[in-house]
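Reading the structure
Read off the chains here:
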Amino acid sequence: MSRTLFVLTATATLLLPVATAAQAKRYPLESVEGLRFHNLSAEPAVLQGKKGLRATIPEETLRRIESTQRYGQGLVWIEDLDFSNGVIEAEIAGALAPGATGEARGFVGVAFRVQDDLETYDAFYLRPTNGRADDQERRNHSAQYISLPQWPWSRLRKETPGKYEAYVDLVPGAWTKVKIEVRGEQARLYVHDNEQPTLIVTDVKSGANGHGRVALWLEPGTVAHFRNLTVEPSTR
């Protein structure tokens, strides 16, 4: 059976979303059609019996990024989808890639309000290997909010320890449902269908009127899987 592989930035025919509500758009992510990619390779794959998209950042891409000292995140986004406020849901999974460094955690998440430079955006992401670590401090860093390029995790942790990250139970390589609610300068991350949010941000750095793309997100050292992306924009 043939496979489709995309590296760096690629474009395919627009994928028509499956309507799930009056304003919601659902993207099964069972093929690469209609998706665009930055700094990664991706292909359809099955994880735990469920179809989705598998994505990694290739070694040659990492070498190129390191030589330019630019951010090394990988993004998968859908064309013609502008998002400011509303709800984003997806099933995601992150595990360590072969040869991952000691600082890798299986980083996987969702970015929103992504700008054209593909380096300016807000994001919530998970560190799956922290979820059941024996070290409590690592557990406390299981879920994270960032706003690149000015507010990476390191700056947020240094200037406001504990404010933009939290504990949540995670298993590497397991499908994990996440939901992000964005309203102006406020955003909430929900994990595992929990009624209460894992992480609350009251000062989203892109501001009350920020807008841009929605993108699936991963960092180097990760084998990521994504499925069932749903975006429901709101005007307030």
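Residues numbered from 1 in each chain as written. Predicted model: local features only at pLDDT ≥ 70, side-chain atom pairs only at ≥ 80, totals over all residues. Heavy atoms only, no water.

A large share of strand 15 (residues 213-218) lies buried, amounting to five of its six residues. Pairing analysis gives four bridges linking strand 6 (residues 74-78) to strand 15, with the strands arranged antiparallel. Across the sheet, V76 pairs through a bridge with L216, a residue of strand 15. Here strand 8 (residues 108-114) pairs with strand 15 via six bridges, running antiparallel. (Buried < 20%, exposed > 50% of the residue type's maximum accessible area, 1.4 Å probe, protein only. Helix = DSSP H or I, 4+ residues; strand = E, 2+ residues; numbered from the N terminus. Pairing = 2+ DSSP bridges.)

In terms of nonpolar packing, the biggest core is built from 47 residues, with I88, F112, F124, L189, F226 and L229 touching the most fellow members. If near-sequence neighbours (up to four positions away) are discounted, F112 is found in contact with F83, I88, Y121, D122, A123, F124, I180, V182, A187, V204, R213 and V214. Of all hydrophobic cores here, the second largest spans 13 residues; its members include Y125, I146, L148 and A215. (Core = buried A, V, L, I, M, F, W, Y, C linked by side-chain atoms within 4.5 Å. Contact = heavy atoms within 4.5 Å.)

We now examine the layout of surface pockets. Space inside the largest pocket adds up to approximately 910 Å³. Put simply, the parts of the chain that give the lining of the largest pocket at least two residues each are strand 5 (50-56), helix 1 (59-68), strand 10 (143-148), helix 3 (153-159) and strand 16 (222-234). By residue number, the principal contributor to the lining of the largest pocket is helix 1, which donates four residues. Each residue belonging to the lining of the largest pocket can be placed in one class, and the counts come to 17 nonpolar, nine polar and 10 charged. (1 Å grid on protein atoms, 1.4 Å probe; cavity = no way out; pocket = protein on both sides within 12 Å on 5 of 7 lines; lining within 4 Å. Points joined across faces, edges and corners; volume = space filled by probe spheres on them. Nonpolar A, V, L, I, M, F, W, Y, C, P; charged D, E, K, R; others polar.)

Our focus in this paragraph is the pairing of strand 9 (residues 121-126). The buried fraction of strand 9 amounts to six of the six residues, a majority that puts the element mostly inside the structure. Pairing of strand 8 with strand 9, which is carried by five bridges, proceeds in the antiparallel orientation. Each bridged residue has a counterpart across the sheet, and for G109 the counterpart in strand 9 is Y125. What sits between strand 8 and strand 9 in their antiparallel hairpin is a turn of six residues, with L118 showing a positive phi close to 65 degrees.

Keep in mind that these numbers describe shape and distance, not what the molecule does.
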